Amino acid sequence: MTSRRSFLKTTSVLSAGLLVAPNLFARNKKYIGVQLYTVRDAMAKDPTGTLAKVAQVGFNSVENATYTGTQKFYGMAPAEYAKVLKDNGLINPSGHYMLGEGMPTTKGTIINEWQKAVDDAAAVGIKYMVCAYLLDSERGTLSHYKETADKLNKAGEICKKAGIQLCYHNHDFEFIKEDGKLPYEILLNSTDAKLVKMEMDLYWMYKAKQDPIAMFNRYPGRFPLWHVKDMDSTPKQMFTEVGNGVIPFKDIFKHAGTAGMQYFFNEQDICPGDPFDSITKSYSYIKKNLV
């Protein structure tokens, strides 16, 4: 009885602490990730060698950007891809996928052979499958976004059965108001919060003049994945290395617990020179200042 009372007392204290300090049980801070889209050209030519170089920079986590039901992971079957990752001390907790509505013959999308995509992701150890982008034809009206939300809910159910979480990755077009409403909030409010969470791209949030911290507070726990991508101070607001731009990452990372963030990935869509130079600079800043 005494042991049971001690257990209940300890559990109560921990639960209270979690309510007071949401950062108490935050992410495992040992992982610093990179989105492989940043080194896409190198991955297309030599995926095995590129993953080794990514690990040499210091990254221990990657988010894949390429999968189809026929090409699999950068041309590799799940088991082969998983071995290359393991050999380089890398995990691949998250991967990008397409909705598929505007590319109906492509396999491994949310609307075409999704079950196979989920099975392959599970074989690699992927924990989050992310709807990466909506083509122009996949956006449309608010009612179209609601239809997309329904598709995401159904895809999320399939993911859930495999122990995987579905997410949606934003750009800036989701923040262009239609009939006074934001498509992004339609997606947030029309999807089941347990089935569909969000991967917040911080660059695109700032590009759209949105406040990520306010979004975390409004939808706590809904943002387990982040893209850590910086914006330069020029009028064109171009991509730049993390720490070289205007996004206040230190302030944002203070709210990781509220957001529910578990993994983050450095990404730079366009680099001024060798992408490996850019991700090395970003890694150094992240390692020193954000983890």
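Residues numbered from 1 in each chain as written. Predicted model: local features only at pLDDT ≥ 70, side-chain atom pairs only at ≥ 80, totals over all residues. Heavy atoms only, no water.

1. Some words on the packing of aromatic side chains
Keep this limit in mind: Any Phe, Tyr or Trp ring, taking Trp's six-membered ring, that has another such ring centre within 6.5 Å forms a pair; planes under 30 degrees apart are called stacked, those over 60 apart edge-to-face, and the others tilted. Think of it this way: any DSSP run of H or I at least four residues long counts as a helix, any run of E at least two long counts as a strand, and we number them from the N terminus.
With the rule as written, the count across this model stands at 17 aromatic pairs. Residues Y31 and Y263 carry aromatic rings whose centres are separated by 6.0 Å and whose planes lie at 45° to one another, so their mutual orientation is tilted. Remark: Y263 occurs in strand β10 (residues 263-266) and Y31 occurs in the loop between α1 (2-20) and β1 (33-35); sequence separation between them is 232 residues. Residues F253 and F264 carry aromatic rings whose centres are separated by 5.3 Å and whose planes lie at 85° to one another, so their mutual orientation is edge-to-face.

2. Considerations on the side chain of T38
Spelled out, the test is: Residue exposure (1.4 Å probe, protein chains only): buried if accessible area is under 20% of the type maximum, exposed if over 50%, otherwise partly exposed. Every residue pair with non-hydrogen atoms within 4.5 Å of one another is taken to be in contact.
Note that T38 resides in the loop between β1 and α2 (40-45). Residue T38 is classed as buried on the basis of its relative accessible area, which comes to 3%. Setting aside anything within four residues of it in sequence, one finds T38 in contact with N266, E267, Q268, C271, P275 and I279.

3. Examining the packing of helix α5 (residues 114-124) against helix α6 (residues 142-161)
A pair of packed helices is captured by two measures, namely the crossing angle of their axes and the spacing between those axes. As a reminder, the rule being used: Angles shown run from 0 to 180 degrees and are taken between the N-to-C directions of axes, each axis being a line fitted to C-alpha atoms and, for helices, limited to the stretch in contact. If you view the pair so one helix is near and one far, a crossing is left-handed when the near helix is turned anticlockwise from the far one by less than a right angle, and right-handed when it is turned clockwise. Lys, Arg, Asp and Glu make up the charged group, whereas Ala, Val, Leu, Ile, Met, Phe, Trp, Tyr, Cys and Pro make up the nonpolar group; the residues left over, Gly among them, are polar.
Interhelical geometry of α5 versus α6 gives an angle of 35° and a closest axis separation of 10 Å. As for how α5 packs across α6, the hand of that crossing is right-handed. Together, W114, Q115 and V118 of α5 and A155, I158 and C159 of α6 make up the contact between the two elements. Across the contact of α5 with α6, the residue classes break down as 5 nonpolar, 1 polar and no charged.

4. Some words on the sheet that holds β10
Formally: Here, strands pair whenever DSSP counts at least two bridges between them.
Judged by pairing direction, the barrel is parallel, and its 8 strands sit side by side in the order β1-β2-β3-β4-β5-β6-β7-β10 before closing back on the first. Across this sheet, the average inter-strand angle for adjacent strands is 30°, counted without regard to direction. When strand β7 (residues 225-228) meets β10, the two strands line up parallel, connected through 4 bridges. Pairing of W226 across the sheet is with F264, part of β10. Across the sheet, α6 is in contact with β4 (128-131), β5 (165-169) and β6 (196-201); its angle to β5 comes to roughly 145°.

5. Describing the confidence of the model for the protein
Caution applies to low-pLDDT regions: their predicted coordinates should not be interpreted in detail. Our working definition: Looking at any residue, its pLDDT shows the predictor's confidence there, from 0 to 100.
Per-chain confidence: the protein averages 92 in pLDDT, with 91% of residues scoring 70 or above. A low-confidence stretch, residues 1-25 stays under pLDDT 50, and its non-local contacts, those more than four residues away or across chains, total 9 contacts.

6. Looking at the side chain of H169
For the record, the criterion: We define a polar contact as two N or O atoms separated by no more than 3.5 Å, with the added condition that, inside protein, one atom must be a possible hydrogen donor and the other a possible acceptor, whereas residues neighbouring each other in sequence contribute only through side-chain atom pairs.
Topologically, H169 is positioned in strand β5. A distance of 3.1 Å separates a polar side-chain atom of H169 from the backbone oxygen of A132. A polar contact is formed between the side chain of H169 and the side chain of H227, at a distance of 3.2 Å.

7. Section: the nonpolar core
Put simply, the rule is: To define a nonpolar core, start from buried Ala, Val, Leu, Ile, Met, Phe, Trp, Tyr and Cys residues and group those joined through side-chain atoms within 4.5 Å.
Counting residues in hydrophobic clusters, the biggest one holds 77 residues, and the most contacted among them are L36, Y81, W114, M129, F223 and W226. At 6 residues, the largest contribution of residues to this core is made by α6. Among the nonpolar cores identified, the runner-up in size contains 7 residues, and V130, L225, Y263 and F265 belong to it.

8. Quick word on the pattern of salt bridges
For clarity, the threshold we go by: Just to be clear on terms, a salt bridge is a Lys or Arg side-chain nitrogen sitting within 4 Å of an Asp or Glu carboxyl oxygen.
Summed over all chains, the structure comprises 10 salt bridges. As a salt-bridge pair, K83 and D87 come within 2.8 Å of each other at their nearest N and O atoms. Residue K83 and its partner D87 are both found in helix α4 (residues 78-87); the two are separated by 4 residues, about one turn of the helix. We note that K83, like D87, is exposed. Between K229 and D269 there is a salt bridge, with the nearest N and O atoms lying 2.8 Å from each other.

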